[in-house]
Amino acid sequence: MKIDRLVSIIMILLEKERISAQELAKMFEVSTRTIYRDIDAINQAGIPVLSTSGNGGGIEIMSQYKVDKKIFSTDDLSALLMGLTNLSGMVRGSEVANAIAKVKSFIPSEKAKSVELKASQIYIDLTPWEGNGNVKTAIEIIKNALQENKLITFTYIDGHGTKTTRTVEPYQLVFKGRAWYVQTFCRLKNDYRLFRLSRMSNLNIIEETFTPREYQKPFLDFEETAKSFQIHIKIRIHSSVLDRILDFCPFDRITAAGGEYYLVDYPFVDSDYYYDMLLSLGDKCEVIEPDHVRKKLKQKIQNLINMYADS
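To start, this report covers the structure provided alongside it. Here the structure is a predicted model, which is why all the values come from computation and not from measurement.

## A word on the pairing of strand β4 (residues 163-176)
Where strand β3 (residues 150-157) and β4 come together, 6 bridges link them in antiparallel fashion. Residue pairing in the sheet places I152 in a bridge with V168 of β4. Linkage of β3 to β4, two consecutive antiparallel strands, is achieved through a turn of 5 residues, within which G161 is found at a positive phi near 85°. The pairing of β4 with strand β5 (residues 179-186) spans 8 bridges and is classified as antiparallel. Each bridged residue has a counterpart across the sheet, and for F175 the counterpart in β5 is W180. Connecting β4 to the next strand, β5, in antiparallel fashion are 2 residues, including G177 with a positive phi near 65°.

This is the structure in structure tokens:
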């Protein structure tokens, strides 16, 4: 895990006046190119690290910059611990535990309670209440493949139910919305693709390694795109499903409709996903308008009745 290596490099530079990139690369079993990328990340974090070439050269923290364990403020340490602790719930492995231990070593004993308190003020549990238990295993497999630049292969079922076998170069694990994904370069499509982990099966690492390409980040912000397809429909809901509606619609679009009912100005896209969401509310939700949405829902309900009707 990169954060573990970054913290370790900072600690080494605190203890040594100068060290070569080759020594660090050997120590962490990575390439010198990776070490130089880590040094850039440390510089961007505000710690001025200098790299000099030639005899006696190496990597060091600039002498003009007074640095010791006080380099991290209480807020800095709290933020690091908060991120690492929340990550450890989903990403297993000794590297995260080691990183947590190393960050804690920076905490002066008199500030330990204060830092621990701040670090626990936000808790993020990325594990689902229920669902596909294979996702955690998939994360570990992909994490190992990422660290070693190895190909992975799996069977994938897309949003239309089509099953394919993929061989991909993994580049980044992504948590978006309520699900984990992996950004890859797909050998089948010869292009970058984002795959949802819960839709994978038969996931394996191939021993063949790959040379990383110029990385293309996944496009994750669909808000503006979605707005171009969105319409607003009027629905009448029972109070018992209000909490579920609030996951998709702000409270200022909801008005009391007498008794235990509400009228909702609901953002809607004419797709199976949105119709299925409304149907999941059963008789606790009625579409008032527009008429074409009512008709399509009635047809879907009739199809269900036909499916369950006695032959």
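## Things to note about the pattern of salt bridges
In total, this model carries 14 salt bridges according to the counting rule given. Across the pair D38 and R5 runs a salt bridge, and its minimum N-O distance is 2.5 Å. Of the two residues, D38 is situated in helix α3 (residues 32-44) and R5 in helix α1 (residues 2-15); the sequence distance between them amounts to 33 residues. Judged by its relative accessible area of 1%, D38 falls in the buried class. A network of salt bridges, in which partner residues are shared, links E148, K150 and E207.

## Regarding the sheet that holds β3
What the 5 strands build is an open sheet, ordered β6-β5-β4-β3-β7; its pairing is antiparallel. Looking at which strands have only one partner, the edges of the open sheet turn out to be β6 (191-196) and β7 (200-209). When strand polarity is set aside, the average angle formed by the axes of neighbouring strands in this sheet is 45°. Running over the sheet, helix α7 (residues 134-148) touches β3, β4, β5 and β7 and is turned about 85° from β4.

## A short note on the packing of aromatic side chains
Here a ring pair, both rings aromatic, is described through the centre-centre distance and the interplanar angle of the planes. Within this structure, the stated rule accounts for 10 aromatic pairs. Where F154 meets Y156, the ring centres are 6.1 Å apart and the plane angle is 75°; that geometry is what we call edge-to-face. Grouping residues by exposure puts F154 and Y156 together as buried. An angle of 75° between the planes, with centres 5.1 Å apart, marks the rings of F154 and F195 as edge-to-face. Of this pair, F154 sits in strand β3 while F195 sits in strand β6, placing them 41 residues apart in sequence. An aromatic cluster is built from Y171, F185, Y192 and F210, whose rings are joined through pairwise contacts. Taking NZ or CZ as reference, R236 lies 3.9 Å from the ring centre of Y261, over its face.

## As for the nonpolar core
Counting 19 residues, the largest nonpolar core has I233, I235, I237, I245, V264, Y266 and L278 as its most contacted members. Elements that contribute at least two residues to this core include exactly β8 (231-238), α9 (242-245), β10 (261-268), α10 (272-279), β11 (285-289) and α11 (291-308). Those residues within four positions of Y266 in sequence are excluded, and the remaining contacts are I231, H232, I233, I235, I245, F248, C249, M277 and L278. Listed in part, the 17 residues of the second largest apolar core include I152, F154, C186 and F195.

## Things to note about the packing of α10 against α11
At a minimum axis separation of 11 Å, α10 and α11 run at an interaxial angle of 70°. Here α10 lies roughly perpendicular to α11, going by the angle between them. Between α10, through D272, Y275, L278 and L279, and α11, the contact on the second element is made entirely by H292, V293, K296, L297, K300 and I301. Of the residues that constitute the contact of α10 with α11, the class distribution is 6 nonpolar, 1 polar and 3 charged.

What counts as what
Residues numbered from 1 in each chain as written. Predicted model: local features only at pLDDT ≥ 70, side-chain atom pairs only at ≥ 80, totals over all residues. Heavy atoms only, no water. Pairing = 2+ DSSP bridges. Helix = DSSP H or I, 4+ residues; strand = E, 2+ residues; numbered from the N terminus. Salt bridge = Lys/Arg side-chain N within 4 Å of Asp/Glu carboxyl O. Buried < 20%, exposed > 50% of the residue type's maximum accessible area, 1.4 Å probe, protein only. Axes fitted to C-alpha atoms, helices over the stretch in contact; angles between N-to-C directions. Contact = heavy atoms within 4.5 Å. Phe/Tyr/Trp six-rings, centres within 6.5 Å; stacked < 30°, edge-to-face > 60°. Lys NZ or Arg CZ within 6 Å of the ring centre and 35° of its normal. Core = buried A, V, L, I, M, F, W, Y, C linked by side-chain atoms within 4.5 Å. Parallel < 35°, antiparallel > 145°, perpendicular 65-115°, else oblique. Nonpolar A, V, L, I, M, F, W, Y, C, P; charged D, E, K, R; others polar.

Treat this as a map of the structure, not an account of what it does.
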